[in-house]
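The chain contents come next:
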Amino acid sequence: MKNFKPKAWMLPQPVLIIGTYDSDGTPNAMNAAWAGQWDMTEIMISMGAHATTENLNRCGDFTVAFATADTLVAADYVGIVSGKVHPDKIEKTGWHAQKADNVNAPLFSCFPMTMECRIKEKLYESKTGYYIIAEIINIVCKDEFLAADGKPDVEKMHLITFDPIHNGYIALGEKAGNAFADGKALK
């Protein structure tokens, strides 16, 4: 086995698109990977100093969309181009935004599933950013990504994950087993 110094290699890392409004009401988005579920109805995101961070300081509402193989190029673009320098970055992606129903933030129609969120708490706030704990207000899933039981079908979404080791994106595959069931075989 080979040893490595500590790195940000928690796997898999989601590729999340954080949607906010700029001060003039223009939809903005950024790519974020350092995030996860905080509890049953809350998420956590590590935010650096971005235009999105400034937007969140003005209004704690935002959306979180899950990037897919189909949205990969534009999702990467909004992660490498700053809204501070390129205010037209959403236009370049070709994404269409509408106001989310339950929060004051844009919802981008190209994503299969989006969470409408509101900041509940900021942790370790500094000039370089902060961690946010946010309440999930609502989850929107496009009809074509629903399973027969009416719930979101993750396999249909073709979600991607960030590979921090080789700076790449990996498409998530098919279902591998049944949680809370397959392990019963060892009882």
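Quick look at the structure, then. (Residues numbered from 1 in each chain as written. Predicted model: local features only at pLDDT ≥ 70, side-chain atom pairs only at ≥ 80, totals over all residues. Heavy atoms only, no water.)

### Looking at the nonpolar core
Under the convention used in this document: Remark: nonpolar core denotes a set of buried residues (Ala, Val, Leu, Ile, Met, Phe, Trp, Tyr, Cys) joined through side-chain atoms within 4.5 Å. Only protein chains enter the accessibility calculation, which uses a 1.4 Å probe; a residue is then buried when its area is under 20% of its type maximum, exposed when over 50%, and partly exposed in between. Helix and strand assignments come from DSSP, with helices taken as H or I runs of at least 4 residues and strands as E runs of at least 2, each series counted from the N terminus. Note on contacts: a residue pair qualifies if any of its non-hydrogen atoms lie within 4.5 Å across the two residues.
If you look at the biggest cluster of nonpolar residues, it comprises 24 residues, and the most contacted ones within it are Ile 18, Ile 43, Ile 45, Phe 62, Val 64, Cys 117 and Ile 132. Only strand 2 (16–21), strand 3 (27–32), strand 5 (42–47), strand 6 (61–66), strand 9 (113–126) and strand 10 (129–141) provide two or more residues apiece to this core. Among the elements that line this core, the one with the most residues is strand 10, at five residues. Among residues more than four places away in sequence, those in contact with Ile 132 are Ile 43, Met 44, Ile 45, Met 47, Leu 56, Phe 62, Ile 119, Glu 121 and Lys 122.

### Brief notes about helix 1 (residues 51–58)
For helix 1, the complete set of buried residues consists of Ala 51, Thr 52, Thr 53, Asn 55 and Leu 56. Contact partners of the buried residues in helix 1: strand 2, strand 3, strand 5, strand 6, strand 9 and strand 10.

### Quick look at unusual backbone geometry
In this model, Leu 11 is joined to Pro 12 through a cis peptide bond whose omega is -15°. Along the polypeptide, Pro 12 turns up in the segment before strand 1 (13–14). Backbone geometry places His 158, a non-glycine residue, at a positive phi of 55°. Residue position: His 158 is located in the loop between helix 4 (154–157) and strand 11 (160–163).

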